[in-house]
Amino acid sequence: MDCDRFREYLADVDRPGVLTREICEQVFAHAEECGDCAEMLTRSEALDSELRRLAANDGQLQAPSQLESRLIAVFRERRASRRRGAAWRYASAISIAAVLVLAIGLRMSRSRTGGGALPEMTIGKPLVTVKPTMQAAKGLSSAHATRPTPRSSARQVEAAENSRAAGPSSNVVDAENENGFIALSDVDEAAPLDDAAVVQVEMPRAALASFGLPLEAMEGGGTVRADLIVSADGTPQAIRLDSQDETGAVEHNSEAVGGNR
Amino acid sequence: MASGKVNEGRGKPSNDPMNRGAEPTDEDLLAQMMAGSEEAFVRLYQRRQPAIYRFALHMSGSAAVAEDVTQEVFMAIIRDASRFDPARGTLAGFLYGIARNHLRKRWEQEHRFVALDEDADEERALVSMRGNGFAPPVENQGDDLGRLRRAIGTLPENYREALVLCDLQEMSYEEAASALACPVGTVRSRLHRARALLLEKLSDERRPRRAAVGE
């Protein structure tokens, strides 16, 4: 071993696990042969000794105990803050989910009951109040027997419900009964007709589209008068356009309500 | 070098047969701490705090700075322990890394302002003597340990880190390399250089004294 190699190994000679036993023996053997390297080894061992003393002297040093208390307090505060944050996020998520469910439910409900808001229209006084049930409308004889309402109105409701019973996919024109009422195609078949009413309305022609009526019904501008059978929950069940609307005559309605107007 | 090595850098349980299998690793404690366990935090703190504090003390030469740095290290893991990535090293290395960053910030703050009066030259000389770091501690500077501390305090920062970790904290090269985020060979060469410089400084200190005694 030469002096350069000796200096390279010197710092590690007393460090466990770094040099092999053979190399350590070579280092000490070189120090016995070389005076300068021997002095260097002595000084290095003295430094090791002093460093060990310093390490032992400082070995028990540690941060003041107040620091641990301060950090524990911070830890508790942060943990509480995180828990509050987590609870807040949980509550927020629940609230958002509830609002979403409500909104979706409302939208589905509107979709089932005619697609949302009714078209802008002027509603006249109810022409007549009818009290047919769905079962009565389907069973003609019992329906006639139980209806306390004027016969003409009951017939209109019955016709409207019969046409509606053909199914929501049925053609609008096919659903028109002999009194001119057209069942609205997207009404709920199971909707109760207790306390249903026939009301006369006046609305823009363009608004007829929202009832699913044929395009020709919407030709021309202005407004149109129509009779609506409206169930107790406000859902239009059937519509009849006033055939004399353009001439200003209202005989159709007069006939329909049996002189109520 | 010294016998009775302390596994400062390891996140493994102690090798003490009495404790083998009973002690959770640093990473276990950290995970429990992140789940809200105060006990895990306290155990981790008590396990790692002394070495971090002594490292900061030897690097800064100031008990107040060492306390502040130790506080910052543990505040960092309280605030955001998820920053620790086990794939990149041990938790001990991560903690030493935070301590080193804070020591550097401190050192930069201390030297941001330069004196403008006639003492400026003296200040610059003092900074030069200190190397890249704080002044050595002033207490007990008259005895051998005081001289040794002062000599260590004048080493350049990189050399001092290697010496403090390997010779005072008794870490292996691998552990020191993990703490310093550098290769083992770099730690080894820095340590050799640090020891050579230290021997030189201590010899320089002794020589005038011997000369004075001889006169």
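Our subject is the structure listed above.
Structural notes, computed from the coordinates. Since the structure is predicted, the reported quantities are computational estimates derived from the model, not experimental observations. (Residues numbered from 1 in each chain as written. Chains lettered and ligands numbered in written order. Predicted model: local features only at pLDDT ≥ 70, side-chain atom pairs only at ≥ 80, totals over all residues.)

Another aspect to go through is helix α7 (residues 157-168) of chain B. Residues and elements named next belong to chain B. Counting buried positions along α7 gives 10 out of 12 residues, so the element sits mostly inside the fold. Looking at α7, one finds that the buried residues are Tyr 159, Arg 160, Glu 161, Ala 162, Leu 163, Val 164, Leu 165, Cys 166, Asp 167 and Leu 168. Glu 170, located one to two residues past α7, shows a positive phi value of around 55°. (Buried ≥ 20, exposed ≤ 12 C-beta atoms within 10 Å, placed from the backbone. Helix = DSSP H or I, 4+ residues; strand = E, 2+ residues; numbered from the N terminus.)

Among the structural elements, A:Asp227 can be located in strand β4 (residues 223-230). A:Asp227 sits 47 residues away from A:Gly180 along the chain, and the two C-alpha atoms are 9.7 Å apart.

Turning our attention to the packing of helix α3 (residues 63-80) of chain B against helix α4 (residues 91-110) of chain B. Describing two packed helices takes the angle between their axes plus the distance from one axis to the other. All names here are of chain B. Axis separation between α3 and α4 bottoms out at 9 Å; the angle between their running directions is 130°. Regarding the angle of α3 to α4, the classification is oblique. Here the hand of the crossing between α3 and α4 comes out right-handed. Contacts from Val 65, Val 69, Glu 72, Val 73 and Ala 76 in α3 reach Leu 95, Ile 98, Ala 99, His 102, Leu 103 and Arg 106 in α4. Considering only residue class, the contact of α3 with α4 consists of eight nonpolar, one polar and two charged. (Axes fitted to C-alpha atoms, helices over the stretch in contact; angles between N-to-C directions. Parallel < 35°, antiparallel > 145°, perpendicular 65-115°, else oblique. Left-handed = near helix turned anticlockwise from the far one by under 90°. Contact = placed C-beta atoms within 7 Å. Nonpolar A, V, L, I, M, F, W, Y, C, P; charged D, E, K, R; others polar.)

This part is about the interface of chain B and chain A. Of the residues lining the interface, 29 residues belong to chain B; the matching set on chain A comes to 27 residues. Contributing elements (two or more residues each) for the side of chain B that touches chain A: α2 (38-60), α3, α6 (144-153), α7 and α9 (184-214) of chain B. Ranked by the residues each element gives to the side of chain B that touches chain A, the list is headed by α2(B), at nine residues. For the side of chain B that touches chain A, the per-class residue count stands at 17 nonpolar, five polar and seven charged.

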